[in-house]
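Spelled out from the first residue to the last, the chains are:
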Amino acid sequence: MNDEPNKFARWRRDMVENQIIARGVADAAVIDAMTRVPRHLFVSEAMAESAYGDFPLPIGEGQTISQPYIIAEMTQRLELSGSERVLEIGTGSGYQAAILSKIVYKVYTIERNNTLFVQTRKLFDRLKYHNIVTRYSDGTQGWKQEGPFDAIIVTAGGNQVPTPLVDQLAIGGRLVMPVGGLHSQELLKIEKTENGIQTTNLGGCRFVKLIGQHGWSE
Ligand code: SAH
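Rules used throughout
Residues numbered from 1 in each chain as written. Predicted model: local features only at pLDDT ≥ 70, side-chain atom pairs only at ≥ 80, totals over all residues. Heavy atoms only, no water. Pairing = 2+ DSSP bridges. Helix = DSSP H or I, 4+ residues; strand = E, 2+ residues; numbered from the N terminus. Axes fitted to C-alpha atoms, helices over the stretch in contact; angles between N-to-C directions. Contact = heavy atoms within 4.5 Å. Core = buried A, V, L, I, M, F, W, Y, C linked by side-chain atoms within 4.5 Å. Buried < 20%, exposed > 50% of the residue type's maximum accessible area, 1.4 Å probe, protein only. Phe/Tyr/Trp six-rings, centres within 6.5 Å; stacked < 30°, edge-to-face > 60°. Near = heavy atom within 4 Å. Polar contact = N/O pair within 3.5 Å; in protein donor to acceptor, adjacent residues only side chain to side chain. Areas by Shrake-Rupley, 256 points an atom, 1.4 Å probe, with all protein chains shown as cover. 1 Å grid on protein atoms, 1.4 Å probe; cavity = no way out; pocket = protein on both sides within 12 Å on 5 of 7 lines; lining within 4 Å. Sits in = over half its atoms within 2 Å of the grid points. Nonpolar A, V, L, I, M, F, W, Y, C, P; charged D, E, K, R; others polar. Points joined across faces, edges and corners; volume = space filled by probe spheres on them.

Colleague: I'd like a description of the sheet that holds strand S9 (residues 196–205), backed by residues and values.
Modeller: Note on sheets: strands pair through backbone hydrogen bonds, and any given pair is parallel or antiparallel. Reading across from one edge, S5-S4-S3-S6-S7-S8-S9 is the order of the 7 strands in this open sheet, with mixed pairing throughout. Two strands in the sheet have a free side with no partner beyond their single neighbour: strand S5 (132–136) and S9. Taken pair by pair, the neighbouring strands of this sheet meet at an average axis angle of 15 degrees, ignoring direction. Sheet strands in contact with helix H3 (residues 68–77) are strand S6 (149–154), strand S7 (169–180), strand S8 (185–193) and S9, and its direction is about 150 degrees off that of S7. Relative to strand S4 (residues 106–111), helix H4 (residues 95–103) is tilted by about 170 degrees, and along the sheet it contacts strand S3 (85–89), S4, S5 and S6.

Colleague: Got a sec to walk through the pairing of strand S1 (residues 57–60)? Specific residues and values, please.
Modeller: It is a general feature of regular strands that their side chains alternate between the two faces of the sheet. Note that S1 and strand S2 (residues 63–65) share 3 bridges and pair antiparallel. Along S2, the bridge assignment pairs Pro58 with Thr64. Between the antiparallel neighbours S1 and S2 lie 2 residues, among them Glu61 with a positive phi of about 60 degrees.

Colleague: How would you explain the nonpolar core if you had to name every residue and give the values?
Modeller: Counting 43 residues, the largest nonpolar core has Met34, Phe42, Leu80, Tyr95 and Ile99 as its most contacted members. The element contributing the most residues to this core is H4, with 6 residues. Leave out the neighbours within four places in its chain, and Leu80 touches Thr75, Val86, Leu100, Ile103, Val104, Ala151 and Arg174.

Colleague: Could you give me a rundown of the packing of aromatic side chains, with the residues and numbers involved?
Modeller: Throughout the structure, instances matching the rule amount to 8 aromatic pairs. Between Phe8 and Tyr52, the ring centres sit 6.3 Å apart and the planes meet at 45 degrees, which makes this aromatic pair tilted. Residue Phe8 is found in helix H1 (residues 4–21), and its partner Tyr52 is found in the loop between helix H2 (28–36) and S1; the two are separated by 44 residues along the sequence. Judged by centre distance (5.8 Å) and plane angle (70 degrees), the ring pair of Phe42 and Tyr95 falls under edge-to-face. Of the two residues, Phe42 is situated in the loop between H2 and S1 and Tyr95 in helix H4; the sequence distance between them amounts to 53 residues.

Colleague: Give a detailed account of the site of the ligand, specifying residues and quantitative values.
Modeller: Around the ligand sit 27 residues in total, of which Glu88, Ser93, Glu111, Gly139 and Ile211 are the nearest. A distance of 2.6 Å separates an oxygen atom of the ligand from a polar atom in the side chain of Ser93. For the ligand, whose accessible area on its own is 580 Å², the fraction buried by protein is 98%. More than half of the atoms of the ligand fall within 2 Å of the grid points belonging to the largest pocket. Mapped by element, the contributors of at least two residues to the shell around the ligand are S2, S3, H4 and S4. For the shell around the ligand, the leading source of residues is S2, giving 3 residues. Taken together, the residues that form the shell around the ligand break down as 9 nonpolar, 13 polar and 5 charged.

Colleague: Could you give an account of the layout of surface pockets, with specific residues and numbers?
Modeller: The volume enclosed by the largest pocket comes to roughly 500 Å³. Along the wall of the largest pocket there are 33 residues; nearest its centre are Gln63, Gly90, Glu111, Ala156 and Val208. Per-element accounting of the lining of the largest pocket gives the leading share, 3 residues, to S2. Grouping the amino acids of the lining of the largest pocket by side-chain chemistry returns 13 nonpolar, 14 polar and 6 charged. A volume near 390 Å³ is recorded for the second largest pocket. Forming the walls of the second largest pocket are 19 residues, and the residues nearest its centre are Leu41, Phe42, Val43, Ser44 and Glu45. Of all the secondary structure elements, the ones that give two or more residues to the lining of the second largest pocket are S1 and helix H5 (114–126). At 6 residues, H5 tops the list of elements feeding residues into the lining of the second largest pocket. Considered class by class, the residues forming the lining of the second largest pocket number 9 nonpolar, 7 polar and 3 charged.

Laid out in structure tokens, this is it:
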């Protein structure tokens with residue numbers, strides 16, 4: 001008998017209980033998505049046993065998948081209700097996009113690293129995430145043809161908020177992204193209203209670099 005799935009499901013419930021709910025994340029859709037998405041399938045087999053730990057994990061190519069709590073917090077800050085079209089910059093392992101796909105109508109995700117792009121595209125097909133569309137390009141330029149987006153999430157740290165992303169955000173939309181230096185950033189929430197942009201600082205964080213025309217150079 002194979003008890004693996006039960007083990008992972010149990011660890012996932014513990015993760016949601018102790019790392020997400022206990023720290024104040026209350027958005028039911030976020031909690032439900034994090035209870036359902038098998039995080040261990042988004043990391044290498046060697047890392048699967050660590051997938052539900054309270055820390056970020058390497059995903060290859062010098063990149064990392066964020067700690068579960070950070071993902072829950074950023075997703076909650078997008079204030080999603082289900083009908084949205086969301087843009088993600090930095091597909092990486094695909095885990096954040098998979099979480100979003102359980103909550104919203106459609107996810108658009110961009111990755112600049114070809115190895116991760118190809119690998120994760122295949123994973124989405126294999127796991128049947130049919131409402132995620134992927135693109136291999138510089139995400140700091142956004143995805144003009146598909147905009148405007150109801151919400152935008154950037155999962156790499158930039159030195160500025162890329163202007164194209166603000167342009168491609170719908171009125172009433174939310175953009176969450178880390179902005180600052182190479183070694184530490186502040187998580188910013190930007191809301192676009194009829195009267196302009198409103199920025200809230202959600203506190204310190206640490207992400208890998210956002211590389212591109214409106215980000216860091218390589
Ligand atoms: N959301 C991912 C996090 C991956 S780490 C996950 O759930 O696993 C951040 C990712 O951003 C890396 O894969 C990196 O290659 C990518 N990245 C960095 N700059 C980028 C850019 N300008 N456009 C698209 N992807 C970028």
